[in-house]
Amino acid sequence: MRRTANLPDADIREGQSVGHEGYRTTVRVIGDASGVPSFRLERSHDTIGAHPCLVSHPRLQPLLSSARLTPGLEVVLRVSVASGEATASWNPKRGDVSGLPDHVATGANAFLTEMVSGHSFRVTSRSFFQSGQEAAQLLVNSVGRLIPELADADIVLDAYAGVGLFAVAATSEPSRLVVLESSKFAVSDAEVNLTGRVSHIEKIDVGRWKYQLERNVDVAIADPARQGLRKQGVGAISSTRAPIIALVSCDPVALAGDTELLVDAGYKHEITEVHDVFPHTHHVECVTRFVLA
């Protein structure tokens, strides 16, 4: 923030951490030469067997042990803490998977149910979700803590919404929601997860969207991919002139770049909480409050 965003006195606070073992409920593996689920070594095409895995949830361990993959095939495995359900997703044109337990749902439309803040979320195997249920809960709590205005907000924008995690779990029932997401799988999930809420869900790249409603947005929430909002995303979010923005960033460098752009767009950085939701890695997740200056 000091070097890239030119904010030497930015308020940066240490946040919280998920448990250091068994925290990941989603992993991506590749079949090695023998078809064993494996991880790639850092900066290498070489592989190492994925079982046992220090950070994988205990419910993932049997899948990593029993599955056999076509060599070179990438597979995404996911389990639910709440329900015990599991999904596996891969490109059938590139190979096949055998040895999965009977309860594992497969294919692009396979889904499981997870719980965050007492809310039920459908998560399709091709949709993005946080590294685990614990991480999702931690981030929802952080957004709620930094943005108390969400409790009384009339209109809330949730950009890069995924399956609707923040739209559902971080807002109050009376709030009207504008939800933006580019993945058709996640949009389908969000439509289910937002059942009963007053919402407008739009499948669109956020950078191509501009706010056109007559009523002002009270709070904007954005949870972009690792590259951050960038110029197009900042343009879309700032077009709402929302007085409060909550930015969830999984890369501090991207956060700093987005901060510079948001400041240029008329916003002030107030506080960033830094959370360790990827223990045993250098990655952190940041939740930041911006206000319209």
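Computed from a predicted model, the values in this text were never measured in an experiment. (Residues numbered from 1 in each chain as written. Predicted model: local features only at pLDDT ≥ 70, side-chain atom pairs only at ≥ 80, totals over all residues. Heavy atoms only, no water.)

## Some details on the side chain of Arg289
Part 1: Along the chain, the position of Arg289 falls in strand 18 (residues 285–292).
Part 2: Exposure remark for Arg289: the relative accessible area of 10% places this residue in the buried category.
Part 3: Polar contacts involving the side chain of Arg289 include one to the main-chain carbonyl oxygen of Leu146, which spans 2.9 Å.
Part 4: A polar contact is formed between the side chain of Arg289 and the side chain of Glu270, at a distance of 2.7 Å. (Helix = DSSP H or I, 4+ residues; strand = E, 2+ residues; numbered from the N terminus. Buried < 20%, exposed > 50% of the residue type's maximum accessible area, 1.4 Å probe, protein only. Polar contact = N/O pair within 3.5 Å; in protein donor to acceptor, adjacent residues only side chain to side chain.)

## Considering the pattern of salt bridges
Part 1: Evaluation of the coordinates by the stated rule reveals 10 salt bridges.
Part 2: Between Arg145 and Glu273 there is a salt bridge; the shortest N-O distance is 2.8 Å. Placement of the pair is Arg145 in helix 2 (residues 133–146) and Glu273 in strand 17 (residues 267–276), with a sequence separation of 128 residues.
Part 3: Residue class for Glu273 comes out buried when judged on its relative accessible area of 10%.
Part 4: If you follow the salt bridges from partner to partner, you end up with Glu149, Glu270 and Arg289 in one network. (Salt bridge = Lys/Arg side-chain N within 4 Å of Asp/Glu carboxyl O.)

## Examining helix 4 (residues 184–193)
Part 1: Of all the residues in helix 4, the buried ones are Phe185, Ala186, Val187, Asp189, Ala190 and Asn193.
Part 2: In the core, the buried residues of helix 4 are packed alongside strand 11 (119–124), helix 3 (165–169), strand 13 (176–181) and strand 14 (199–203).
Part 3: Regarding helix 4, its N-cap is Ser183, as a side-chain oxygen of that residue lies 3.3 Å from the backbone nitrogen of Phe185 further along. (Contact = heavy atoms within 4.5 Å.)

## As for the packing of aromatic side chains
Part 1: As enumerated under the stated definition, the model contains one aromatic pair in all.
Part 2: Look at Trp209 and Tyr211: their rings are 5.9 Å apart centre to centre, the planes differ by 55°, and that puts the pair in the tilted class. Exposure class is identical for Trp209 and Tyr211. Each is buried.
Part 3: For the cation-ring pair, Arg122 lies above Phe111, with the distance from its terminal atom to the ring centre recorded as 5.2 Å. (Phe/Tyr/Trp six-rings, centres within 6.5 Å; stacked < 30°, edge-to-face > 60°. Lys NZ or Arg CZ within 6 Å of the ring centre and 35° of its normal.)

By themselves, these are just geometric observations and shouldn't be taken as functional.
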